[in-house]
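So you can see what is in the structure, the chains are spelled out below.
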Amino acid sequence: MKETEAQTIRLLPWEGQGGKPCYVLGDGSGYVSRLADNIESVQLGMADDLLGHATDLLADRKVTGPELHFLASRLTESLRDVRRVAESRGSRTTGAARSADG
């Protein structure tokens, strides 16, 4: 990597030991960044699928308490993933704006 190429710190879509956040430093074109892009894509796709399932399940008047609990658990996990993707992308957008100004 040339010195003139911008390096950014990216929050990765997975956690490290003890639930600590993981980061990668680079220009966004390396192996870890591409892997993170793929995982984020899968996470967002799964969130979309889960929303469809939630809509169907909530329309069913015969849904049980355990089914709703299971749905709420999966929605919570998915929301946590989507929030991490949003934080990661937001920080990269903010960093890119700062680089363009400076």
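From a predicted model like this one, the values you see are computed outputs, not experimental measurements. (Residues numbered from 1 in each chain as written. Predicted model: local features only at pLDDT ≥ 70, side-chain atom pairs only at ≥ 80, totals over all residues. Heavy atoms only, no water.)

Taken together, the side chains of Ile9, Tyr23 and Leu25 make up a nonpolar region of the molecular surface, amounting to roughly 360 Å² of accessible area. Within the secondary structure, Tyr23 is located in strand E2 (residues 21-26). (Patch = residues over 30% accessible without salt bridge, like charges linked within 9 Å, V, L, I, M, F, W, Y side chains within 5 Å. Areas by Shrake-Rupley, 256 points an atom, 1.4 Å probe, with all protein chains shown as cover. Salt bridge = Lys/Arg side-chain N within 4 Å of Asp/Glu carboxyl O. Helix = DSSP H or I, 4+ residues; strand = E, 2+ residues; numbered from the N terminus.)

Grouped together as the largest cluster of nonpolar side chains are five residues: Leu50, Ala54, Leu57, Val63 and Leu71. Those residues within four positions of Leu50 in sequence are excluded, and the remaining contacts are Leu71, Arg74, Leu75 and Ser78. (Core = buried A, V, L, I, M, F, W, Y, C linked by side-chain atoms within 4.5 Å. Buried < 20%, exposed > 50% of the residue type's maximum accessible area, 1.4 Å probe, protein only. Contact = heavy atoms within 4.5 Å.)

A few words now on the pairing of strand E1 (residues 8-15). Looking at chain direction, E1 and E2 are connected through five bridges and run antiparallel. Bridged to Leu11 within E2 is Tyr23. Taken together, E1 and the strand that follows it, E2, pair antiparallel across an intervening segment of five residues, in which Gly18 is found at a positive phi of about 75°. (Pairing = 2+ DSSP bridges.)

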